[in-house]
Amino acid sequence: MLFPTLVCAQINTDRVMTIARNALYFEDYVLSIQYFNQVINAKPYLYEPYFFRALAKLNLEDFQGAEADCDAAIQRNPFVVGAYQIRGLARIRQSKFDGAIEDYQKALHYDPENITLWHNLTLSHIQKKDYDSAKEDLESLLKVSPRYTRAYLMRGEVSLQQKDTIAALNDFNKALELDKYDPDAWAARAIVKLQQSKYGEAESDFDRAIHLSAKNAGNYINRALARFHQNNLRGAMSDYDLALDIDPNNFIGHYNRGLLRARVGDDNRAIEDFDFVIKMEPDNMMAIFNRGLLRAQTGDYRGYMRMLLIVAALLDFVIFYAIAREPHLGMRMKQAKKRRVIYKNTAQQAGQPRHKCAICGRTEIDSPQLEFRYCSKCEGSYEYCSDHLFTHEHVKRS
């Protein structure tokens, strides 16, 4: 008499599982979790509902929950490669890189030709700054898939971290040889050209990247830098405007456009850009100082005096461009520059850097050729060097 009941329960569980997976496919993650919960309550010994629920939680950025569900799935079936892969991703998002590496290595034991696993294993080693291991991973990946362009781009990035520009360019060129329609490959090579002060070549590469991917704000901002160094101020301004049309909250775009507007004498609109920067980063002394100078030039001396009080409290004067044009302001800028140089020399003699990249750990002392900026999209005060400003993973608070 129990047989029909068991058959009915089996059919219902399968149907609920199908509904849950459909909800997951259509990105209704909350609904899918509710259905997976029903399956787990009915049949807690199955690994599938834990596995798929982990995927839903990962997409909802519940990384701890996703990791716990993968633990449960692996306990029930230790041969599911996808469970290690999802748990590895959840651990990466929690900065548990050692655990992620362990997961990807275990998964590769079962599926040694899985390109995604090799890719993520490489990224985990890069995050740990274990560049030698990252290159070993990439060598294995390229044996599996010699035409995988992302492997050459990642190896080029690793070479840049090791300050081997020639090797990086070789890999970026190889990536372009394999896929000349990859915008990231053009952008990667363009950034190297920028660092080498080959601004014309950098602009040309950014042109190709933008042609292939017109909605990437970072490419416009970087092309603006290349154009600025070629004294193409109109073109640089146009690029900043385009970047901010795509991403109106882009911190770097507003800051750089504010500097450029100040340079060409568009003081009021430069102040608007610095207002935006300071709203996002109230303690950004460079923006406060430059806005104060601009206010003085437009007759707002009260605002200028407020700036002096703030900056004098920190004794950290940094001016990226000479934006004062009035004689009496020029004298103040010279005095500020003298104090800045004295302060900079004292800080460097003490061996205490003022800027440090959250990814590679480089500072303005050991890498004076780099520029450092705070990321407006990371939650918290995270500063990055110019190599990682547009390539890092944004930090989100749990």
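Heads up: these notes are all about the structure in this document. Throughout this document, residue positions are counted from 1 along each chain, in the order its sequence is written. Per-residue local features of the predicted model are confined to residues with pLDDT of at least 70, and side-chain atom pairs are confined, for both listing and counting, to 80 or more; whole-chain, interface and lining totals are unaffected and use all residues. Side-chain measures were taken over the full set of non-hydrogen atoms in the model, leaving aside hydrogen atoms and water.

**Concerning the overall build of the chain**
Per the convention used, a helix needs a DSSP run of H or I reaching at least four residues, while a strand needs a run of E reaching at least two, with both numbered from the N terminus. Regarding its fold elements, the chain presents 19 helices and two strands. The buried share of the chain, taken over its 398 residues, is 48%. Any pair of residues with heavy atoms lying within 4.5 Å of one another is described as a contacting pair. Considering only residue pairs separated by 6 or more positions, the chain has 46% of its internal contacts joining residues 24 or more positions apart. In this description, accessible areas are obtained by the Shrake-Rupley approach with a 1.4 Å probe, and a residue is regarded as covered only by the protein chains that are shown. Of the roughly 21,000 Å² that the chain leaves accessible, carbon and sulfur atoms contribute 51%. Only protein chains enter the area calculation, which uses a 1.4 Å probe; residues under 20% of their type maximum are buried, those over 50% are exposed, and those in between are partly exposed.

**Here's the deal with the side chain of Glu203**
Along the chain, Glu203 falls in helix H12 (residues 199-212). In this structure Glu203 comes out as buried when scored by relative accessible area, which is 15%. Dropping the residues within four chain positions of it, Glu203 is found in contact with Arg223, Ala226, Arg227 and Gln230.

**Some thoughts on the side chain of His125**
By the element assignment, His125 lies in helix H7 (residues 115-127). Judged by relative accessible area, which is 8%, His125 ranks as buried. When near neighbours in sequence (up to four residues on either side) are disregarded, His125 contacts Ile101, Asp130, Ser133, Ala134 and Asp137.

**What to know about the packing of helix H9 (residues 149-161) against helix H10 (residues 165-178)**
At a closest axis distance of 8 Å, the pairing of H9 and H10 adopts a crossing angle of 165 degrees. Taken together, the axes of H9 and H10 are roughly antiparallel relative to one another. Of the two possible hands of crossing, H9 and H10 adopt the one that is left-handed. Contact with H9, carried on its side by Thr149, Tyr152, Leu153, Arg155, Gly156, Glu157, Ser159 and Leu160, involves Thr165, Ala167, Ala168, Asp171, Phe172, Lys174, Ala175 and Leu178 of H10 and no other residues of that element. The convention used is that axes are lines fitted to C-alpha atoms, helices contributing only their stretch in contact, and that angles between N-to-C directions extend from 0 to 180 degrees. Each angle receives one of four descriptions, namely roughly parallel if under 35 degrees, roughly antiparallel if over 145, roughly perpendicular if within 65 to 115, and oblique otherwise. By convention, the crossing between two helices is left-handed when the near helix turns anticlockwise from the far helix through less than a right angle, and right-handed when the turn is clockwise.

**What about the packing of aromatic side chains?**
Two numbers describe a pair of aromatic rings. These are the distance of the centres and the angle of the planes. Put simply, two rings from Phe, Tyr or Trp (the six-membered ring, in Trp's case) pair if the centres are within 6.5 Å, and we call them stacked under 30 degrees between planes, edge-to-face over 60, tilted for the rest. With the rule as written, the count across this model stands at six aromatic pairs. Ring geometry for Phe36 against Phe52: centres 6.1 Å apart, planes inclined by 15 degrees, an arrangement best described as stacked. With a gap of 16 residues between them, Phe36 in helix H2 (residues 29-42) and Phe52 in helix H3 (residues 48-59) connect regions that are remote in the sequence. Take Phe36: its relative accessible area is 0%, and that puts it in the buried class. On the basis of an interplanar angle of 35 degrees and a centroid distance of 6.4 Å, the ring pair of Tyr84 and Tyr110 is categorised as tilted. Taken as a pair, Tyr84 in helix H5 (residues 81-93) and Tyr110 in helix H6 (residues 97-110) lie far apart in primary sequence, 26 residues in all. An aromatic cluster is present here, built from Phe36, Phe51 and Phe52 joined pairwise through their rings.

**Observations concerning the environment of Cys357**
Residue placement: Cys357 occurs in the loop between helix H19 (327-349) and strand S1 (372-374). It is 7.1 Å that separates the C-alpha atoms of Cys357 and Phe372, two residues lying 15 residues apart in sequence. Ignoring any residue separated from it by four or fewer positions in sequence, one finds Cys357 in contact with Arg362, Phe372, Glu383, Tyr384, Cys385 and His388.

**Considerations on the nonpolar core**
Judged by nonpolar contacts, the single largest core of 63 residues is most densely connected at Phe51 and Phe172. Looking at this core, the element that brings in the most residues is helix H11 (residues 183-195), giving seven residues. Excluding residues within four positions of it along the chain, Phe172 makes contact with Tyr152, Leu153, Gly156, Glu157, Leu160, Ala188, Arg189 and Val192. Counting residues in hydrophobic clusters, the runner-up holds 39 residues, among them Ala224, Cys357, Cys378 and Tyr384. Here the nonpolar core consists of buried residues drawn from Ala, Val, Leu, Ile, Met, Phe, Trp, Tyr and Cys, with membership extended through side-chain atoms lying within 4.5 Å.

**With respect to the pattern of salt bridges**
Two side chains with opposite charge may pair up if their charged atoms get near one another. For this document, the term salt bridge refers to a Lys or Arg side-chain nitrogen within 4 Å of an Asp or Glu carboxyl oxygen. Counted under the stated rule, the structure contains 25 salt bridges. Across the pair Arg257 and Asp273 runs a salt bridge, and its minimum N-O distance is 3.0 Å. With Arg257 in helix H15 (residues 251-263) and Asp273 in helix H16 (residues 267-280), this pair connects stretches of sequence that are 16 residues apart. Of the two residues, Arg257 and Asp273, neither departs from the other in class, the shared state being buried. Residues joined by salt bridges that share partners form a network here, namely Glu67, Asp71, Arg87, Arg91, Lys96 and Asp103.

Honestly, that's just the spatial picture; any functional story needs more than this.
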